[in-house]
Amino acid sequence: MSQTDLEIAVEDPTAPEDDSPAVVSSGTVEIIVCLLLLALAVALGFDNWRTGASWDSTGPEPGYFPFYLSIVLGCGSIYGLIAALLARRAVSETFVTRAQARRVMAVFVPTLLFCLVTQFLGLYVASFLLIAGFMRAIGKIALWKSLLTAFLFTAIMFVTFDIAFDVIMPKGPLEAAFGY
Amino acid sequence: MEAFGLLLHGFAVLLTGKTLVLMMVGLVLGIFVGVLPGLGGPNGVAILLPLTFTMDPTSAIVMLSCIYWGALFGGAITSILFNIPGEAWSVATTFDGYPMAQQGRAAEALTAAFTSSFIGSLVAVLLITFLAPMISSFALKFGPPEFFAVYLLTFCSFVGLGREAKHKTVISMSLGLLLAGIGMDTVSGQLRMTFGSSELLRGINFLVAVIGLFGISEILLTMEERLALRGHAASISLRVVLSVWKDLPKYWVTLLRSSFIGCWLGITPGGAIAASFMGYNLAKRFSKDPESFGKGRIEGVFAPETAAHASGTAALLPMLALGIPGSGTAAILLGGLMVWGLNPGPLLFVEHKDFVWGLIASMYLGNVVGLVLVLTTVPIFASILRVPFAAVAPMIVVSCAIGAYAIQNAMFDIWLMLGFGVVGYVFKKIGIPLAPFTLALVLGNRAEDAFRLSMIGSGGDLKVFWSNGLVGSITTLAIVLLFWPAIDGLLVRVGWTQRTGTTSR
């Protein structure tokens, strides 16, 4: 098939390099996840045991069912830990390369900031800042297009949820200044 | 005949201007999320759920199910034109669909995919129409032990029949069940696993978790990958459509077999992924020319698409009749029903006839409208991929946050959504399946209640789960399915069966 037949093409200017070094292997992440899950199982198991994990005159106590589930989760985590440790001796896959991690953080950090800003300035201001900032900084899209898109999207969301459907979103000082 | 009359009533409920508009909006939004890289049916339904919060239940579920149908149709567009399976069940479609596009037969492949999706769904909807009322009236006789046995069967079949490592499914499921138990115990009113946090008093809302697990994690995963796409353009002409439809009778065995496989694996929680591969493999095995598969054979598109869509649709049967979702997306729809105070299960057919039959009617109509819509708008939707993902991604994040907040009007839920997004990202990358987690989270409280009531009734005697033929059969079947890999291995060793594979190509 000739190149002229390929009519739909979307380029990615910030694509991760194929030869980027690995940050961490899947095996290591599996071990960390299993350890965290094991810790969670112990914490939840203890809380359920404290709440009551046996029988009283009315039947099973509130912690009975989740206590045994904590044990199942703990056993699954220990099995997973052993399996991951044994599999680690073989060739382990890459969990994420440095270039990929950079891109993931490029989404995660703005999302984290968005949540933080929402708490103080409200959801609509935060969403405007997120969309405009993301389009401009990550997508390298023209400033006026980024600002216009962010404004239109935020305005549509505001009209749809707060006005048309009466779903009240968290608001900040800006909305308060306009009487909302 | 009673079902037919009720279905007509369902159409009467459905055929209002407002519902039809919502149906179209749902389909368009669904195709949109199906086409966008990284998004798909479950994500689309989870993210767009808040749009339906203020609607009446029938309108809302019609819109949500149409988002689902639309996403299923949309997934085929990227599979065939770009060799990018939007969902795991679309992988088998790429085997022959993409080669067909490379040969300049993209329109033919797309028509085949959309038509077979329609046929698969139609067979499953017919099954739902006639079987669901029977199952639900049968299930009205169920007591707590029978219900717990059915929940156990669902959980065990996910472990036994799932493709992932068994311990990972167990981890995922037990974590989901544990998180479902956080908050106030429904029986005693005592607080559990809250560790003094007032935010956790409400418990972890299933939908908040789903929005994070499916929506946010997909954004992280999609951004991680290269987003440069190169694909084939396609527009479908009436001549191509009619030519594919004219040849349909030639493939009736493939279509019927795939529909059957899909329905079977949809009702049992085998899932659309297994169905699509099994449909493809069997079509290849029974073909006179198996070597031609993978090189652009139209049967290789018919088989997996029919099976996947029959499975995806049939997964709604146990959800409606028993309150047990057969797939991750069905679980999200079930969560949606709970938002509107509807309790899926046998009583739904008695107490909310309008709703149930309106929904079933919408399945018929949604599929017909969806088929026409995708056949006529492929170039428009394919061009959505030209919109930079850097513009789409933050909008999805904002939509997710709106959804998470709107459920309980709690800022904490936005943080929880972000946390689940990270969990979903890590779990997906290390192969811990999210479908059992979702299922356990939505069914956790019901399963626990059924277990506790059974145990209270029996004075703590586990023999209650074998106290009569019905509950005993279901419990035994659950245990057989849990240990199915070992049993299957044993049967292979003694030469009774051949090992079944679902991923060979």
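To be clear, the structure that these remarks concern was listed above.
Below you will find a few notes about this structure.

Conventions and cut-offs
Residues numbered from 1 in each chain as written. Chains lettered and ligands numbered in written order. Predicted model: local features only at pLDDT ≥ 70, side-chain atom pairs only at ≥ 80, totals over all residues. Heavy atoms only, no water. Helix = DSSP H or I, 4+ residues; strand = E, 2+ residues; numbered from the N terminus. Rg over C-alpha atoms; globule rule 2.2 N^0.38 Å. Buried < 20%, exposed > 50% of the residue type's maximum accessible area, 1.4 Å probe, protein only. Contact = heavy atoms within 4.5 Å. Areas by Shrake-Rupley, 256 points an atom, 1.4 Å probe, with all protein chains shown as cover. Patch = residues over 30% accessible without salt bridge, like charges linked within 9 Å, V, L, I, M, F, W, Y side chains within 5 Å. Salt bridge = Lys/Arg side-chain N within 4 Å of Asp/Glu carboxyl O. Disulfide = S-S within 2.5 Å. Expected span 1.5 Å × (residues − 1). Buried area = accessible area lost by both parts, 1.4 Å probe. Core = buried A, V, L, I, M, F, W, Y, C linked by side-chain atoms within 4.5 Å. Polar contact = N/O pair within 3.5 Å; in protein donor to acceptor, adjacent residues only side chain to side chain.

**Here's the deal with the overall build of chain B**
- The number of helices and strands found in chain B is 22 helices and three strands.
- Since a compact globule built from 505 residues should have a radius of gyration of about 23 Å, the 22 Å found for chain B is in line with a globular shape.
- Across its three principal axes, chain B shows a C-alpha extent of roughly 70 × 55 × 50 Å.
- The 505 residues of chain B split such that 64% are buried.
- In chain B, once contacts between residues fewer than 6 apart in sequence are set aside, the share between residues at least 24 apart is 77%.
- Of the roughly 17,700 Å² of accessible surface on chain B, 67% is carried by carbon and sulfur atoms.

**Focus on a nonpolar patch on the surface**
Residues and elements named next belong to chain A.
- On the surface, Met105, Val109, Leu113, Leu116, Phe120, Leu121 and Leu129 cluster together into a nonpolar patch covering about 640 Å² of accessible area.
- Relative to the helices and strands, Phe120 is located in helix α3 (residues 98-121).
- Accessibility expressed as a relative area gives 61% for Phe120, which makes it exposed.

**Focus: the state of the cysteines**
- In this structure the tally under the stated criterion is zero disulfides over all chains.
- Considering cysteine sulfurs only, A:Cys34 is the nearest to A:Cys75, which forms no disulfide, with 13 Å between them.
- Residue classification places A:Cys75 among the partly exposed positions, given a relative accessible area of 47%.
- Cysteine A:Cys115 remains unbridged, with the sulfur of B:Cys400 as its closest cysteine sulfur at 10 Å.

**So, unusual backbone geometry**
Residues and elements named next belong to chain B.
- Despite not being glycine, Phe195 has its phi angle at roughly 50°, a positive value.
- Tracing the sequence through the fold places Phe195 in the loop between β2 (191-192) and α9 (206-224).
- Classification of Phe195 as exposed rests on a relative accessible area of 51%.
- Residues other than glycine seldom take positive phi values, yet Asn409 does so here, at roughly 50°.
- Secondary-structure assignment places Asn409 in the loop between α18 (389-408) and α19 (411-429).
- By relative accessible area, Asn409 is classed as partly exposed at 47%.

**Describing helix α5 (residues 91-102) of chain B**
All names here are of chain B.
- The end-to-end C-alpha distance of α5 is 17 Å, a good match for the 16 Å that 12 residues give at a rise of 1.5 Å each.
- The element α5 is largely enclosed, with a buried count of 10 among its 12 residues.
- When α5 is considered as a whole, its buried residues turn out to be Ala92, Thr93, Thr94, Phe95, Asp96, Gly97, Tyr98, Pro99, Met100 and Ala101.
- Following α5 by one or two positions, Gly104 adopts a phi angle in the positive range, close to 85°.

**A look at the environment of B:Ile407**
Residue and element names in this part refer to chain B.
- As for its placement among the helices and strands, Ile407 is situated in helix α18.
- Remark: the alpha-carbon pair of Ile407 and Leu127, spanning 280 residues in sequence, is separated by 33 Å.
- Setting aside residues no more than four positions away along its own chain, Ile407 makes contact with Phe53, Asn205, Leu207, Val208 and Ile211.

**Points about the interface of chain B and chain A**
- Taken residue by residue, the interface counts 71 residues in chain B and 74 residues in chain A.
- A combined buried area of about 6,600 Å² lies between chain B and chain A, and 77% of that area is made up of carbon and sulfur atoms.
- Inspection of the region where chain B meets chain A yields one salt bridge.
- B:Lys168 is the salt-bridge partner of A:Glu30, the closest N and O atoms lying 3.4 Å from each other.

**Observations regarding the nonpolar core**
- Counting 202 residues, the largest nonpolar core has A:Phe114, B:Ile77, B:Phe114, B:Phe155, B:Leu320, B:Ile360 and B:Met417 as the members making the most contacts within it.
- Among the elements that take part in this core, helix α4 (residues 57-82) of chain B stands out by supplying 17 residues, more than any other.
- When residues no more than four places from it in sequence are discounted, the contact partners of B:Ile77 are B:Ile31, B:Val35, B:Phe82, B:Leu110, B:Phe114, B:Val378, B:Phe381 and B:Ala382.
- Residues B:Phe95, B:Phe277, B:Tyr280 and B:Ala283 belong to the second largest nonpolar core, which totals seven residues.

**With respect to the pattern of salt bridges**
Residue and element names in this part refer to chain B.
- Taken as a whole and assessed by the stated rule, the structure comprises 14 salt bridges over all chains.
- For the salt bridge of Asp185 with Arg452, the shortest nitrogen-to-oxygen distance reads 2.8 Å. With Asp185 in the loop between β1 (183-184) and β2 and Arg452 in helix α20 (residues 435-458), this residue pair connects regions lying 267 residues apart in the sequence.
- According to the relative accessible area criterion, Asp185 is buried, its value standing at 2%.

**Focus: the environment of A:Ser25**
All names here are of chain A.
- Here Ser25 lies in strand β2 (residues 22-25).
- Sequence separation between Ser25 and Ala126 is 101 residues; the distance between their C-alpha atoms is 35 Å.
- When sequence neighbours within four positions are dropped, the list of residues in contact with Ser25 reads Ser92, Glu93, Thr94 and Phe95.
- Here Thr28 takes part through its side chain, which lies 2.9 Å from a polar atom of the side chain of Ser25.

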